[in-house]
Amino acid sequence: MPHSNNHTDSTNFATEFKGLISQLREGVHPKDSQELLDRLVPLALQYIRKCPDIFDSAPPLPEIICLDKIMTILEANPIWGDNDKPGSVFHEHYVVASCEIEDHRMRDLLANLILFSLENDTSYGKVDYGQQASISRPKTESKNRSSCSTTLKSNGISLNGNKNGVSVKPSSYDSTQNGVGLGSVPLPNYVVEIAKQNNTNIDYNVVQNAIYSFLGVQGKYLKKDVITGRFKLDPLSMQSISSVQAGMLLRLSELGYYHDRITKFSNTTTGYNAMGSMGQALMAKLKLELSEFHGHVAALQDQLNSYRETQMRDYVDRDKSWLDRQPEQLTLFKLLCWYMEPLRRMQWLTKIADACQMKKGGDLASVIYTFLNNGDPMVNKLATDLLTVCCAPLVRMISKWMLEGGIEDSHGEFFIESIDEVGADRLWHDKFRLRHSMLPKFVTLELADKILKTGKSINFLREICKVEEAVKDRKELKFVIDNHVSHIFSYVPDTTWHAAIETCYSQTSKHVLDIMVGPHKLLDHLQGMRRYLLLGQGDFVSIFIENMKDELEKIGTEIYSHDLSAMLDAALRCTNAQYDDPDILNHLDVVVKTPYPGDCGWDVISLQYTVRGPLATMLEPAMPTYKALFKPLWRIKHMEFVLSTKIWKIQMGNAKALRSLHDEISKATYRLHLFTSEIMHFVHQMQYYVLFEVIECNWVELQKRMQQAKALDDILDAHSKFLQAISVGCFVNTSTNMESHLEVVYENIISLENWQENFYKECFAELEAREKMQRAIAESEGTGRFGVTTEQKMERDQERKIFEQKILTCCRTLEGFAGSYAKAVGGFLLALNSSDDHNLQLFGTRLDFNEYYKKRDTNLSKPLTFEHWRMSNVYGYSKSHMGGRYSMYPQPTPQFGRQGNVSLTWD
């Protein structure tokens, strides 16, 4: 029974195998032959496995000879076109199907079975292998073939007929034939041959046209659209090709469109390319990419030409083995498989090139940088290569700037620019600056600032300090910077390139710092400006004011600077300033500013610290700040001098002289003494706070930073912060109205001085009149008249009444000054309390330590409202008072309202 099942399976396999051979005989379409051959090989393999003893002896022919004959038979069938190559398809599937068979006998059986089935098929029976091949074939081959046929028939299987040995139609092929006769070979079909030749030419032209389109060249089937630049099919020629070929041509021509786009961008005459040296480097890289692409296309053209030559020699070399003369045909399908990678590369190149149009410098590098790390290794590699080439000129400019201090930027693409209009005196601060529009995204502001300062330091040393050598080991640093271009756009700034930049910056900065701190005494000059311009040398300031007090009281137009120089030298020799470095003292001078109408000596006389050479380059931007700070400090000294030398001293001196007028002037003098004490407390607290808590404390902090400085910019930055801090503490250029309140306070002090002068003038005039009256009475007693006349007495009484009226007027004027002063101080205290600076808040508390002003002004007694907090920037706002002022006057109290209700308004 098993034998019966095995026989049934074998019969089924033979029947299906015969059906496949019949399909080949009937001439199936070539596009279906691949499936047919793909089923034929596995089916024969299964039949061999079912009937391993199909041959009684060894197979007649070896496998390699069978394969050669099978593929020759398939290729010779006229129903196949030259481009279909069924032999190649059969060989490919045969190799795949039999790759797991290791038994050589089994492989030989498989090949002989397929060869036998084809040779006994009427469709292939008339194939002639050639006369030479027939003559050279040994007789044993014929015997073996007869043995193969006999063996298969003895097993009861006939692949071309019925079972049980039914004979098949004999083939016209005779292995012992010595010649080719007309009776055995049919006449050739010339119509078929010409059609085959035309089809071959069309296929060749289509492939050739596709290759031309890769380079943007028009052909027979593809023409360029004038507007879009893309390829389109020629309506006159597209009728000769199939729709499949037309679609494949259009797909392949897309590569030529992107090729043209890149070619256009890399051509400097089009005007659509990048600019500058970095743009030229990018275009050179794109041209290199195009050259490599042209090489690949040339290889395709060479392969096509080789196939064409092989076709020409095919008939001459037809006696060779099929495997030896099999040509490598280039088809549209193979071009589609090939063009995927170049197309993708060209598409990304076009996308990058379009983004770089009309860009230059750091802006160009930033555009390419955006294509990095997008997840595609090919795109990342492409962008890295383009960015490396593009950044090469930028790195050379950085190297030139940091090592030699020069700028080679003819196209304006470097992120550092030099201002030609700025002179050498402003070299450090204004001569060179960052061009932010040209700063690449991968260069941080911190790194760009270091690069800027390094080159700026070299220029400063060479042009101002006359020092040539700035950086040690310059050649080594130049080699590292110039040969690690790709490190400039590294995500992590810890590469050798960044280390070289840091080394160059550190060495240059330290060299500049040593020169400025050493030979040019930068720190000593900063100390000198603090002592004299910021009035830190107290004994010098006191003696200087005392020496010039007569000049300070003069009108501004009557003061000359040469008269003040001697007084300055005398003040320096009489104080501890005489022990300072003479080089520091030589920079100190006194100047007289251009007076305005009404200005006195206090308004036009000021101290000046003159800096020269490298110091001027470094400190010149800070000198206007020192001048601005000198003004309020000098103003406080002026107020202190007026209060101590004039107001208080005159009060103490006149108190005993006017004792006789005590009854008339006691009220005014009492109010005057209280008002004077109040003002003196305010001025002394202001002077102490500014000179000690602001300037001195910030100077100590500046000294700590200067000791920790590693570069000159660290000192300059610390000095800049020092000036900024004391500017706030001295109420200079603040966003609040503290300065206006202080000015009102100072104006009231000057008004008090003038009022007191007039007051005492009237008092002494009355005192002199009374003394004169007493002398007249004494003289009359000596003459015996005993007294004065009624007219004289009435005149004296009238003068006394006038004096009393003047005293009352003076008291009212003094109260007006006191009210104006109290209002200004209240506004100043409210501004201090509303500030977000804790030091200013504490200073306001100290000014009103006994809550004297708080009790008199309800605005100071109530807690801060939201308006105060908003103005004090607690919520992050920058509310400027810009000319606005607070209204401190209490609002009228309604009949049934709260007492003392005060509102904060703008007016």
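Draft legend 1. Spatial organisation of the overall build of the protein. Summing up its helical and strand segments, the protein has 33 helices and 6 strands in all. When burial is assessed residue by residue, the protein has 45% of its 907 residues classed as buried. Long-range pairs, those at least 24 residues apart, make up 74% of the contacts in the protein with a sequence separation of at least 6. Total accessible area on the protein is roughly 47,100 Å²; 53% of this is exposed by carbon and sulfur atoms.

Draft legend 2. Inspection of the side chain of S237 at higher detail. Position of S237 among the secondary structure elements: in the loop between β2 (231-233) and α9 (243-265). For S237, the contacting residues outside a window of four places in its chain are K220 and Y221.

Draft legend 3. Main features of the packing of helix α12 (residues 361-369) against helix α13 (residues 377-404). Axis separation between α12 and α13 bottoms out at 9 Å; the angle between their running directions is 170 degrees. Judged on the interaxial angle alone, α13 and α12 are roughly antiparallel. From α12, L364, A365, I368 and Y369 reach across to α13, where they touch A383, L386, L387, C390 and C391.

Draft legend 4. Here's a closer look at unusual backbone geometry. In this structure, M358 is a non-glycine residue whose phi angle is positive, near 60 degrees. Looking at the secondary structure, you find M358 in the loop between α11 (332-355) and α12. Despite not being glycine, K466 shows a phi value in the positive range, around 60 degrees. With respect to the helices and strands, the residue K466 is situated in the loop between α15 (445-463) and α16 (474-482).

Draft legend 5. Representation of the packing of aromatic side chains within the structure. Across all of its chains, the model carries 28 aromatic pairs by this definition. Summarising the aromatic geometry, the rings of F731 and F828 are spaced 5.2 Å apart at their centres and angled 75 degrees between planes, so their arrangement reads as edge-to-face. Remark: F828 occurs in helix α29 (residues 790-834) and F731 occurs in the loop between α27 (712-729) and α28 (738-783); sequence separation between them is 97 residues.

Draft legend 6. Seen up close, a nonpolar patch on the surface. The grouping of Y212, L215 and V217 at the surface amounts to a nonpolar patch, some 230 Å² of accessible area in total. Residue position: V217 is located in the loop between α8 (190-214) and β1 (222-224).

Draft legend 7. Local environment of the confidence of the model for the protein. Put simply, the protein has an average pLDDT of 77, and 76% of its residues get 70 or more. Under a pLDDT of 50 for its full length, residues 122-185 has, in the predicted model, 84 contacts with residues more than four places off or in other chains. When the criterion is pLDDT under 50, residues 869-907 qualifies, and its contacts beyond four places in sequence or with other chains add up to 60 contacts.

Draft legend 8. Structural view of the side chain of T617. Along the polypeptide, T617 turns up in helix α24 (residues 614-619). With relative accessibility at 3%, the residue T617 sits in the buried group.

Draft legend 9. Structural detail: the environment of H411. For H411, the location among the structural elements is in the loop between α13 and β3 (416-418). A relative accessible area of 36% places H411 in the partly exposed class.

Draft legend 10. Region of interest: the pattern of salt bridges. Considering all chains together, one arrives at 37 salt bridges under this definition. K381 is the partner of D385 in a salt bridge, and the nearest nitrogen-oxygen pair spans 2.8 Å. Taken as a pair, D385 and K381 lie in helix α13 at a separation of 4 residues, close to a single helical turn. Of the charged contacts in the structure, one is a salt bridge between E553 and K646, with a shortest N-O distance of 2.7 Å. Placement of the pair is E553 in the loop between α20 (549-552) and α21 (561-574) and K646 in helix α25 (residues 623-657), with a sequence separation of 93 residues. Taking relative accessible area as the criterion, E553 reaches 40% and is therefore assigned partly exposed. The class of K646 is buried, set by a relative accessible area of 17%. Within this structure, E664, E766, R770, R796, E799 and R800 form a network of salt bridges that share partners.

Draft legend 11. Spatial organisation of α27. Over its 18 residues, α27 runs 26 Å from end to end, which matches the ideal 26 Å to within 8%, given 1.5 Å per residue. Among the residues making up α27, those that are buried are L712, D713, I715, L716, A718, H719, F722, L723, I726, S727 and G729. Directly after α27, the chain includes F731, whose backbone phi takes a positive value near 60 degrees.

Draft legend 12. The arrangement of the packing of α25 against helix α26 (residues 662-708) in detail. Packing of α25 against α26 brings their axes to within 10 Å, and their N-to-C directions diverge by 150 degrees. Here α25 is positioned roughly antiparallel relative to α26, judged by the angle of their axes. The two elements α25 and α26 cross, and the hand of that crossing is left-handed. Residue-level contacts link L633, I636, K637, M639, E640, L643, I647, W648 and Q651 of α25 to L672, H673, T676, I679, M680, V683, M686, Q687, V690, L691 and I695 of α26. For the contact of α25 with α26, the per-class residue count stands at 14 nonpolar, 4 polar and 2 charged.

Each value, and the rule that gives it
Residues numbered from 1 in each chain as written. Predicted model: local features only at pLDDT ≥ 70, side-chain atom pairs only at ≥ 80, totals over all residues. Heavy atoms only, no water. Helix = DSSP H or I, 4+ residues; strand = E, 2+ residues; numbered from the N terminus. Buried < 20%, exposed > 50% of the residue type's maximum accessible area, 1.4 Å probe, protein only. Contact = heavy atoms within 4.5 Å. Areas by Shrake-Rupley, 256 points an atom, 1.4 Å probe, with all protein chains shown as cover. Axes fitted to C-alpha atoms, helices over the stretch in contact; angles between N-to-C directions. Parallel < 35°, antiparallel > 145°, perpendicular 65-115°, else oblique. Phe/Tyr/Trp six-rings, centres within 6.5 Å; stacked < 30°, edge-to-face > 60°. Patch = residues over 30% accessible without salt bridge, like charges linked within 9 Å, V, L, I, M, F, W, Y side chains within 5 Å. Salt bridge = Lys/Arg side-chain N within 4 Å of Asp/Glu carboxyl O. pLDDT = per-residue confidence, 0-100. Expected span 1.5 Å × (residues − 1). Left-handed = near helix turned anticlockwise from the far one by under 90°. Nonpolar A, V, L, I, M, F, W, Y, C, P; charged D, E, K, R; others polar.

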